[in-house]
Amino acid sequence: MIGTGYVGLVSGACFSDFGHDVVCVDKDARKIELLHQNVMPIYEPGLAELVASNVQAGRLSFTTDLAEGVKGADAVFIAVGTPSRRGDGHADLSYVFAAAEEIVAALDGPAVIVTKSTVPVGTGDEVERIVERIAPDKGITVVSNPEFLREGAAIEDFKHPDRVVVGSEDERASEVMRGVYRPLSLNQSAPVMFTGRRTAELIKYAANAFLAVKITFINEIADLCEQVGADVQEVSRGIGMDNRIGRKFLNAGPGYGGSCFPKDTLALLKTADDAESPLRIVEATVQVNESRKRAMGRKVIKAMGGEVRGKTVAILGLTFKPNTDDMRDAPSIAIIQTLQDAGANVKAFDPEGVEQAKLVIKNVEFAASPYAAAEGADALVIVTEWDAFRALDLNRMKSLLNQPLLIDLRNIYPAAEAERAGLQLVGVGKPRQDSNG
Ligand code: UDX
């Protein structure tokens, strides 16, 4: 497994838990050193335990030496980063190609190179050209095997996926991949779908874009709900019970963030552009989501009476979603910026994200608890739905706040509960007069 980022480390740990022998390789010596001490470079529930037990069982090891790591491997997974290239949104594939070159040079016999990183259509062909150029006679094949795991639920998602997608142009390679995923088909939890390599590459982008569209659709419906006096949570429930639509990913909120949706939608648009086959729905989604984050900042300002200069806003939740320390493209960044631009002071609490948050937001006072954040604030804003925020003592909040205002951008509190505590509640897509954002 080349790359010990989110996907690489979780995949490596889970494959070893299936009983395979796994070597995780990373160029970052510090990361490997930490992994040797069972310190995880990312926050993911259950991961440290999974890594420890498989290291102990002798199935999982870590090294910085790629040549050593790939020796004798049946399959070598490329799980390095594919960040957005500065300027144009194209996926930056330099890490993928550099890894491929090293792998091909180092392999000592037939093996399958598997791209697990999210890579644009045609990348597998490029990797194959690298094989042809460096070592055409080693019997190396190239397949695509996109990963669909979510941060915060990564192990569960990896072990119980809805499906596994393998894009292969070679029967022997498909056989190796069947072997790799056999433990999953044994417990019948996941159908392994075999398809063409380019198709597999596109499936990953199409899936993420569709989910981004779904979220953005319900977010716009939420705005409409506020204008016409409807309740977006009920709308979600009402449409989600239709199996053709499905209940999931219909929670209105401050917009999607994270390491995948923003980057992958942009990369897909580039692919579409290059192919002169526009994806207008995805284009609109990207624009709507981008403007939504600042719009949520303005929603807070409006709820606070339109003037926030010198006022204090308490933010609960900074990461783009719960159970991660990931701040990449988190809506909290734009929301806080908008509030600060309008002259507000910001206090914030997040259970895991503060270290990462400090790198991307400035002039924020970090509090040690949700209550410490609320103390003396003129509004309390829930941005990320951490479990720890689901059962706050609202009476205590009321007594700590300077103004009894709760702005719940994830709709986790029912109106009646806030009302009982004497808090004015502003949600997203909620019908009450005072919730018009
Ligand atoms: C996503 C995909 O789900 C996963 O399959 C892919 O491999 C990587 O990208 P991830 O980014 O970890 O995973 O998180 P996810 O749970 O999908 O949430 C993404 C964003 O959408 C978050 O900001 C979340 O708050 C937001 N979201 C999600 C909503 O606003 N509403 C929803 O109903 C669901």
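Look a little higher up for the structure.
Cut-offs and rules
Residues numbered from 1 in each chain as written. Predicted model: local features only at pLDDT ≥ 70, side-chain atom pairs only at ≥ 80, totals over all residues. Heavy atoms only, no water. Phe/Tyr/Trp six-rings, centres within 6.5 Å; stacked < 30°, edge-to-face > 60°. Helix = DSSP H or I, 4+ residues; strand = E, 2+ residues; numbered from the N terminus. Buried < 20%, exposed > 50% of the residue type's maximum accessible area, 1.4 Å probe, protein only. Patch = residues over 30% accessible without salt bridge, like charges linked within 9 Å, V, L, I, M, F, W, Y side chains within 5 Å. Areas by Shrake-Rupley, 256 points an atom, 1.4 Å probe, with all protein chains shown as cover. Salt bridge = Lys/Arg side-chain N within 4 Å of Asp/Glu carboxyl O. Lys, Arg positive; Asp, Glu negative; His and termini not counted. Charge placed at Lys NZ, Arg CZ, Asp CG, Glu CD. Core = buried A, V, L, I, M, F, W, Y, C linked by side-chain atoms within 4.5 Å. Pairing = 2+ DSSP bridges. Axes fitted to C-alpha atoms, helices over the stretch in contact; angles between N-to-C directions. Contact = heavy atoms within 4.5 Å. Near = heavy atom within 4 Å. Polar contact = N/O pair within 3.5 Å; in protein donor to acceptor, adjacent residues only side chain to side chain.

Trainee: Could you clarify how one ought to interpret the packing of aromatic side chains in this entry?
Mentor: The way to describe two aromatic rings as a pair is by their centre distance and the angle between their planes. If you walk through the whole model with that rule in mind, you get eight aromatic pairs. Ring centres of F15 and F158 lie 5.1 Å apart, and the angle between their planes is 85 degrees; on these two criteria the pair is classed as edge-to-face. One end of the pair, F15, is in helix α1 (residues 6-17); the other, F158, is in helix α7 (residues 154-159), and 143 residues separate them in sequence. Overall, the relative accessible area of 2% leaves F158 in the buried class.

Trainee: So what exactly am I meant to see when it comes to a negative patch on the surface here?
Mentor: Taken together, the side chains of D273, D274, E276 and E283 present a region of like negative charge at the surface. One can find D274 in helix α11 (residues 261-274).

Trainee: Is there a simple way to explain the nonpolar core in this structure?
Mentor: Soluble globular proteins tend to pack their nonpolar side chains together in the buried interior. With 37 residues, the main nonpolar core has V10, F15, L47, F62, F77, F158 and Y181 as its most contacted residues. No other element matches α1, which puts six residues into this core.

Trainee: Looking at this structure, how should I read the sheet that holds strand β10 (residues 364-366)?
Mentor: Strand pairing in a sheet relies on backbone hydrogen bonds. The paired strands run either parallel or antiparallel. Spatially, the six strands line up as an open sheet ordered β10-β9-β8-β11-β12-β13, and their pairing is parallel. Only two strands of the sheet have a single partner each, and these edge strands are β10 and β13 (424-426). On average, adjacent strands in this sheet sit at an angle of 25 degrees to one another, irrespective of strand direction. Sheet topology places strand β8 (residues 312-316) next to strand β11 (residues 379-382); four bridges connect them, and they run parallel. Directly across from L316, in β11, lies its bridge partner I382. Each of β8, β11, β12 (405-408) and β13 touches helix α12 (residues 280-303); the most contacted strand, β12, lies at about 160 degrees to it.

Trainee: Quick question: what am I supposed to make of the site of the ligand here?
Mentor: Surrounding the ligand, one finds 18 residues, the nearest of these being F148, E151, K204, N251 and C260. Take E147: an N or O atom from its main chain is 3.4 Å from an oxygen atom of the ligand. L250 is positioned with one of its backbone polar atoms (N or O) 3.3 Å from an oxygen atom of the ligand. Here the ligand has 670 Å² of accessible area as a free molecule, and 92% of this is covered by the chains. Counting residues per element, the shell around the ligand draws most heavily on helix α9 (residues 197-228), which supplies three residues.

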